[in-house]
Number of protein chains: 2
Amino acid sequence: MVKKAADRKQLELVNAQQGQGTVYPLVVLEGDEFTGAGRLFNVITFPPKTSIGYHQHVGETETYLILSGEGMYNDNGTLVPVQAGDVTYCANGESHSIENTGDGDLVIVAVILFDKTKA
Amino acid sequence: MVKKAADRKQLELVNAQQGQGTVYPLVVLEGDEFTGAGRLFNVITFPPKTSIGYHQHVGETETYLILSGEGMYNDNGTLVPVQAGDVTYCANGESHSIENTGDGDLVIVAVILFDKTKA
């Protein structure tokens, strides 16, 4: 199956996880396409000054791949500046947040996979 | 955990799946980071005229997210041109290939997830 760019589902998240402003997920996979391995695979665009607030992942991991822009990532309590090519990994039980600290959009790939190694 | 861009593992695949030339995966996740949910999450750069050959996925799915460039995707027997923003999905049991048909690099995100819905 091929999903052309113009046909992909565009979402809006307002104050995601008590974050600032509105961010825009463009869906890569959804529903049964995950075959039980995960629940989120999106490209998310953060306009300037927007963020996803600090939150914990339990029973799953979340990976961000930074495609463009500049952000500040909270890595389970430690602030780390991030930019294109950087990868962040929130392990099962850890917490994270990310905010756009640049003048342009921050664009990331976000993937949530279930932890199949624990009951 | 944050992996800075310069510290990510760079691989080379020569004639991948009997494809043409050398393609360059830059690792996003590896090993235990998948927590049993999958086995590949890379950004792959295809120089002009390179490809990954036609191959089948059994017990797993593979998703390509096209980041830049122009390619030809073989979707289980049907050729589909792809470009930035397009998403391809190879379901469990299906086959696919992708080649760079443009003048510049073709860059994609590739993710292989296990099919947890079947024995």
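Residues numbered from 1 in each chain as written. Chains lettered and ligands numbered in written order. Predicted model: local features only at pLDDT ≥ 70, side-chain atom pairs only at ≥ 80, totals over all residues. Heavy atoms only, no water.

Draft legend 1. A look at the relation of the copies chain A and chain B. The transformation that overlays chain A on chain B combines an axial shift of 0.0 Å with a rotation of 180°, and the residual RMSD is 0.0 Å. Expressed as a symmetry operation, the mapping of one chain copy onto the other fits a two-fold axis. Among all C-alpha atoms of chain A, that of Ala37 of chain A lies closest to the rotation axis, at 2.5 Å. (Least-squares fit on C-alpha atoms with pLDDT ≥ 70 in both.)

Draft legend 2. Structural context of the side chain of Glu62 of chain A. Residue and element names in this part refer to chain A. Within the element layout of this structure, Glu62 appears in strand β6 (residues 60-68). The side chain of Glu62 sits in the buried core without any salt bridge; Arg39 is the nearest counter-charge, 6.4 Å away. A polar contact of 3.2 Å, which involves the side chain of Glu62, links it to the side chain of His96. (Helix = DSSP H or I, 4+ residues; strand = E, 2+ residues; numbered from the N terminus. Buried < 20%, exposed > 50% of the residue type's maximum accessible area, 1.4 Å probe, protein only. Lys, Arg positive; Asp, Glu negative; His and termini not counted. Salt bridge = Lys/Arg side-chain N within 4 Å of Asp/Glu carboxyl O. Polar contact = N/O pair within 3.5 Å; in protein donor to acceptor, adjacent residues only side chain to side chain.)

Draft legend 3. Inspection of the pairing of strand β3 (residues 22-29) of chain B at higher detail. All names here are of chain B. The buried count for β3 comes to six of eight residues, which makes it a mostly enclosed element. Both strand β2 (residues 13-14) and β3 contribute to a ladder of two bridges, which runs antiparallel. Note on β3: the bridge partner recorded for Val14 is Thr22. Bridging between β3 and strand β4 (residues 38-46) involves five bridges; their strand directions are antiparallel. Across the sheet, residue Tyr24 finds its bridge partner in β4, namely Thr45. (Pairing = 2+ DSSP bridges.)

Draft legend 4. Fine view of the nonpolar core. By size, the foremost hydrophobic cluster in this structure holds 26 residues, and its most contacted members are Phe41 of chain A together with Phe41 and Val109 of chain B. Of all the secondary structure elements, the ones that give two or more residues to this core are β3 (22-29), β4 (38-46), β9 (87-90) and β11 (106-114) of chain A together with β3, β4, β9 (87-90) and β11 (106-114) of chain B. Ignoring sequence-local partners within four residues, the contact set of Phe41 of chain A consists of Val27, Val28, Leu29, Phe34, Val109, Ala110 and Val111 of chain A together with Thr63, Val109 and Val111 of chain B. (Core = buried A, V, L, I, M, F, W, Y, C linked by side-chain atoms within 4.5 Å. Contact = heavy atoms within 4.5 Å.)

Draft legend 5. Structural detail: the interface of chain A and chain B. Of the residues lining the interface, 39 residues belong to chain A; the matching set on chain B comes to 39 residues. Taken together, the two surfaces of chain A and chain B that pack against each other cover about 3100 Å², and 66% of this comes from carbon and sulfur. Broken down residue by residue, the surface that chain A buries against chain B is led by Met1, Thr35 and Tyr89 of chain A, which jointly contribute 21%. Our enumeration of links across chain A and chain B arrives at two salt bridges. The salt bridge involving Asp86 of chain A is made with Lys4 of chain B; its shortest N-O contact spans 2.5 Å. (Buried area = accessible area lost by both parts, 1.4 Å probe.)

Draft legend 6. Here's a closer look at the sheet that holds β3 of chain B. Strand order in the open sheet made by the seven strands is β1(A)-β9(B)-β6(B)-β11(B)-β4(B)-β3(B)-β2(B), with antiparallel pairing throughout. In this open sheet, the two strands that pair with only one neighbour each are β1 (2-3) of chain A together with β2 of chain B. As judged from the eight bridges shared by strand β6 (residues 60-68) of chain B and β11 of chain B, these two strands associate in the antiparallel manner. Looking at β11 of chain B, one finds that Thr61 of chain B is bridged to Leu113 of chain B.

Draft legend 7. Just the packing of aromatic side chains, in detail. All names here are of chain A. By the definition in use, this model includes two aromatic pairs over all chains. An angle of 85° between the planes, with centres 5.9 Å apart, marks the rings of Tyr64 and Tyr73 as edge-to-face. Residue classification places Tyr73 among the buried residues on the basis of a relative accessible area of 0%. (Phe/Tyr/Trp six-rings, centres within 6.5 Å; stacked < 30°, edge-to-face > 60°.)

Treat this as a map of the structure, not an account of what it does.
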